[in-house]
Amino acid sequence: MPNNAAPRVVLIDGSSYLYRAFHALPELTNSQGEQTGAVYGVINMIRKLTKDYQGAHIAVVFDAPGKTFRDAIYSDYKAHRPPMPDELRTQVEPLHAVIRAMGLPLLQVGGVEADDVIGTLARQATEQGLETVISTSDKDLAQLVSPHVTLVDTMSGTTMDRAGVVEKFGVPPERIIDLLALVGDTSDNIPGVPKVGPKTAAKWLTEYGDLDTLKARAGEVKGKVGDNLREHLEQLDLARQLATIHCDVELDEQVGSLSPAAPDKDTLRKLFQRLEFRSWLKELENDDSPAATAAETPAGTDYEAILTQAQFDSWLARLQQAKLIAIDTETTSLDYMEAELVGLSFAVERGQAAYLPVAHDYPGAPPQLERSAVLAALKPLLEDSDKSKVGHNLKYDMSVLANAGITLRGIAFDTMLESYVLDSAGSRHDMDTLALKHLDHQTIHFEDVAGKGKKQITFNQVALEEAIPYAAEDADITLALHQSLWPRLKEQPGPRAIFEEIEIPLVPVLSRIERTGVLIDTRMLRRQSREIGLRLHDLEKEAHRVAGQPFNLGSPKQLQEILYDKMGLPVLAKTPKGQPSTAENVLQDLALDYELPQLILDYRSLSKLQSTYTDRLPEQVNARTGRVHTSYHQAVAATGRLSSSDPNLQNIPVRTEEGRRIRQAFIAPRGQRLLAADYSQIELRIMAHLSADDGLLEAFASGQDIHTATAAEVFGMPRDKVTKEQRRAAKAINFGLIYGMSPFGLSRQLGIPIGDAREYVDRYFNRYPGVRAYMEQTRSTAKELGYVTTLFGRRLYVPEITARNPARRGAAERIAINAPMQGTAADIIKRAMLTIDHWLQTGERGARMIMQVHDELVFEVETSAAESVTRSVRQLMCEAAELAVPLVVDIGVGHNWDEAH
């Protein structure tokens, strides 16, 4: 880092950060549909820099529109670079406007690039004895590093001085240009030496000193790579010229004049309002005071702590008279099975809330009402199904109260689910995000009162003067969110029905399933883990043999060097930083022709199974129950499907031997069996219903094997003549079309020419014209309305359906086609869960529901009741929806989950 005592210059490479923020950060839009994510990312980074380097000369530098002197030198310069995406182009104007309104100098110089402007200013600063910090994510600027110039990648938090350049690139700053010339740059279309990566280039420059010496002694370089060098010597001077940053650009501004001006607050306020950057807008309205803490009680609120019996009696009377009670719990843990109740908060009117502490036990904590007495008094109210309650993620609070012997009833609303049903993909659905989005209110965060990281304390240790506004605000904001969201939701019949008839009734069902948990065989898992470890060792040895040297299979950087620098495999895709990708989909493509990528894929798959399941599951067994308890999430998957975590039960592979062995460790208690009930091909059946295609309807109605029937239609032959390969191709088409697979994707999956794949798809649509008509109609409806719906009224918004970018528009079209099927399947199994849970709760059935995984429900059943439970579960699942084709449920019973399949 520069000497902090010296005057400093901060030069921000706005162009590199603009693209980086656009590709790396989540997409954000305002309520008008304007893209704002790149603006937010760059301004957030600039704000951090101005705070870290207060008093410094500063400038934000962007590329100017038009060609530069490099285009005159080399007409193909950046010829392969695609034009700026429209979604990014529209963000340039507001980004520049915000920077200027912040009072920061913004430089664009025609005929040169931002790098050249930055290089010139850095040279000026060095000549004037000023230390310079260049904030960039562009590797080319490493050539500017000197004892007085340092690079900072503000987004990643890394810095690079001279030693850092040597460590990263293997050469000092004065040799970066030579290295860039040898390696070339595909993004800028700078020619380099084929098959020469950074490691080889650095090795040569270390051995020969510089590029000119290497050129003169090129005959000494052996092997194929030496031949490549000699064949391309003539273009190295051009590449070096293109890679050199010019530090003598004529500028109107001199480095000494680059001082921040006072911000134009009126303009900033208008821009932040337009872009909907609410937290920055609030900070601006608080006189730009970052110290205006979120922990302060909001104006106009009346929050109190219930510390005396008189206060408690008064609030209990208010709660008993209220039409709707907002409730929230404070606990010692996010794990609902381990959480101890520390306090409860209530609100019945906006701006009026109370916190009832019952277990703050830090030294000097004030006296609190006795927990058991308080809960006994609250129990009738909390268990009264006629007293309506609203909360945020009430399933957690329900489980916590169940630990204290209270069955929470009267769950009428949940603001997390209200937000989710209104727009499942519109934003996150946590309280902090929703309060900012709908109430323009910055909530107090848990970290504000409990600290962060290793120093974070549990809530029972939080001082009451800090706990009161935090906890009471939760109930108050929950009530305010409900008052904001419910009027919108109740006016939409379809989403309202989803909320009232599916999502809210499912809360207690999921809480019950979670708290029941599932029994696992820990000894079996540990044995499997040891066996996987041996297999991983063998795969590692084999990978080293194929690579010709040892390397860390878990290191993307080392794998990149082996695959692309050493073995010369084709580069099919690059990372956002421009490096050859080692992502799974890339390795899958490479594995079609090369051995090592498949070994890496096998290694990754086994390693993930070991770390996620065979090693981790035994550690997740609850000491009190002896069972594993997952958490089901209703407000994560956009289509309405449930997801789960800790452990994630949705991702245990069912088609691999290792995945099935893990399922063997999910076992039934003594005297019981596991019953697994799975909807058969439910999304294809929904496709038949939605498309009303005669061929599909007839195939399902007559009980035919749908893949064999499709193969017979596509290949034009009797069903009894269909081969296994033809059925496999038909299966790929059936499921692929649901997910929007193109002929290219089908050709990759089946390993056939793309022409054959296109012919298969064309034949499919000719035989099933109703499917094509459904897809076209769905695209049209989605473009008209901006959303698609499931059979039961769930909406999924697809704002990118009208995007100018073809790739984004195509992805939105695929989502629009698939979402009604996947969403309807999610609705159906949720409806089945509701009816089955009611059946289980209203009689002695000898069974309980313990898991939901995709289209499957798993039960523990007494052995003697297995047959009767099978009949009832099949009937209830089949009756969960009325489709134009039969719903079919496959049910198996066994000692473990795998055996029950």
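For the structure, check the block above.
Let me begin by describing the structure that accompanies this report. (Residues numbered from 1 in each chain as written. Predicted model: local features only at pLDDT ≥ 70, side-chain atom pairs only at ≥ 80, totals over all residues. Heavy atoms only, no water.)

Examining a negative patch on the surface
Among the surface-exposed residues, Asp335, Glu338, Glu340 and Asp646 lie close enough to one another that they form a single negatively charged patch. Its relative accessible area of 35% is what places Asp335 among the partly exposed residues. (Patch = residues over 30% accessible without salt bridge, like charges linked within 9 Å, V, L, I, M, F, W, Y side chains within 5 Å. Areas by Shrake-Rupley, 256 points an atom, 1.4 Å probe, with all protein chains shown as cover. Salt bridge = Lys/Arg side-chain N within 4 Å of Asp/Glu carboxyl O. Lys, Arg positive; Asp, Glu negative; His and termini not counted. Charge placed at Lys NZ, Arg CZ, Asp CG, Glu CD. Buried < 20%, exposed > 50% of the residue type's maximum accessible area, 1.4 Å probe, protein only.)

Points about the pairing of strand E1 (residues 8-13)
Where burial is concerned, most of E1 is hidden: 6 out of the 6 residues are buried. In terms of strand pairing, E1 meets strand E4 (residues 131-135) through 5 bridges, oriented parallel. When the sheet's bridge partners are listed, Leu11 is paired in E4 with Ile134. Direction of pairing for E1 relative to strand E2 (residues 57-61): parallel, over a ladder of 5 bridges. (Helix = DSSP H or I, 4+ residues; strand = E, 2+ residues; numbered from the N terminus. Pairing = 2+ DSSP bridges.)

Thoughts on helix H14 (residues 309-321)
Helix length check: H14, at 13 residues, gives a terminal C-alpha distance of 18 Å against a target of 18 Å (1.5 Å per residue), a fit within 8%. Listed as buried for H14 are Phe312, Trp315, Leu316 and Leu319. The arc that holds every buried residue of H14, seen down its axis, measures 105 degrees, which confines them to one face. Facing away from the buried side of H14 by over 90 degrees, the exposed positions are Ala310 and Gln321. Where H14 is buried, its residues contact strand E7 (302-305), strand E8 (324-331), strand E9 (341-349), strand E10 (352-357) and helix H15 (371-382). (Expected span 1.5 Å × (residues − 1). Arc of directions from axis to C-beta. Contact = heavy atoms within 4.5 Å.)

Focus on unusual backbone geometry
Pro647 follows Asp646 through a cis peptide bond whose omega is 0 degrees. Residue position: Pro647 is located in the loop between strand E15 (643-645) and helix H26 (657-664). Located in the positive-phi region is Lys195, a residue other than glycine, with phi close to 70 degrees. In this structure, Lys195 sits in the loop between helix H7 (176-183) and helix H8 (198-208). At Ala692, a residue that is not glycine, the phi angle is positive and equals roughly 55 degrees. Relative to the assigned elements, Ala692 resides in the loop between helix H27 (682-691) and helix H28 (694-701).

Structural notes on helix H17 (residues 415-422)
When you tally the buried positions in H17, you get 8 out of 8 residues, the bulk of the element. Along H17, the residues that are buried comprise Thr415, Met416, Leu417, Glu418, Ser419, Tyr420, Val421 and Leu422. Packed against the buried residues of H17 are strand E11 (388-391), strand E12 (411-414), helix H18 (431-439), helix H20 (464-489), helix H21 (493-516) and strand E19 (795-797). Measuring from the backbone nitrogen of Met416 back to the side-chain oxygen at the start of H17 gives 3.0 Å, which picks out Asp414 as the cap. (Polar contact = N/O pair within 3.5 Å; in protein donor to acceptor, adjacent residues only side chain to side chain.)

Some words on the side chain of Lys395
The topology assignment puts Lys395 in helix H16 (residues 394-403). Accessibility expressed as a relative area gives 9% for Lys395, which makes it buried. Engagement of the side chain of Lys395 in a polar contact is seen with the backbone oxygen of Tyr632, the distance being 2.9 Å.

Side note on the packing of aromatic side chains
Given two aromatic rings, one states the distance between the centres and the angle between the planes to describe the pair. Counting across every chain of the model gives 17 aromatic pairs. Ring centres 6.3 Å apart and planes at 25 degrees place the aromatic pair Phe446 and Phe459 in the stacked group. Pair noted here: Phe446 is in helix H19 (residues 446-450) and Phe459 is in the loop between H19 and H20, with a separation of 13 residues, a long-range link. In textbook terms, an aromatic cluster arises when at least three aromatic residues are bridged by ring pairs, as seen for Tyr40, Phe272, Phe277 and Trp280. The side chain of Arg318 reaches across the aromatic face of Trp315, ending 4.4 Å from its centre. Geometry around Trp897 places Arg663 over its ring, the cationic atom sitting 4.0 Å from the centre. (Phe/Tyr/Trp six-rings, centres within 6.5 Å; stacked < 30°, edge-to-face > 60°. Lys NZ or Arg CZ within 6 Å of the ring centre and 35° of its normal.)

Looking at the nonpolar core
Counting residues in hydrophobic clusters, the biggest one holds 93 residues, and the most contacted among them are Phe666 and Tyr679. Sort the elements by how many residues they give to this core and helix H34 (residues 806-841) lands first, with 11 residues. Judged by nonpolar contacts, the second largest core, of 61 residues, contains Leu324, Val374, Leu394 and Ala635. (Core = buried A, V, L, I, M, F, W, Y, C linked by side-chain atoms within 4.5 Å.)

Some details on the packing of helix H12 (residues 265-275) against helix H13 (residues 278-285)
Interhelical geometry of H12 versus H13 gives an angle of 155 degrees and a closest axis separation of 9 Å. Here H12 lies roughly antiparallel to H13, going by the angle between them. Here H12 runs over H13; the crossing is left-handed. Packed against H12, whose contacting residues are Lys265, Leu268, Arg269, Phe272 and Gln273, the element H13 presents Trp280, Leu281, Leu284 and Glu285 at the interface. (Axes fitted to C-alpha atoms, helices over the stretch in contact; angles between N-to-C directions. Parallel < 35°, antiparallel > 145°, perpendicular 65-115°, else oblique. Left-handed = near helix turned anticlockwise from the far one by under 90°.)

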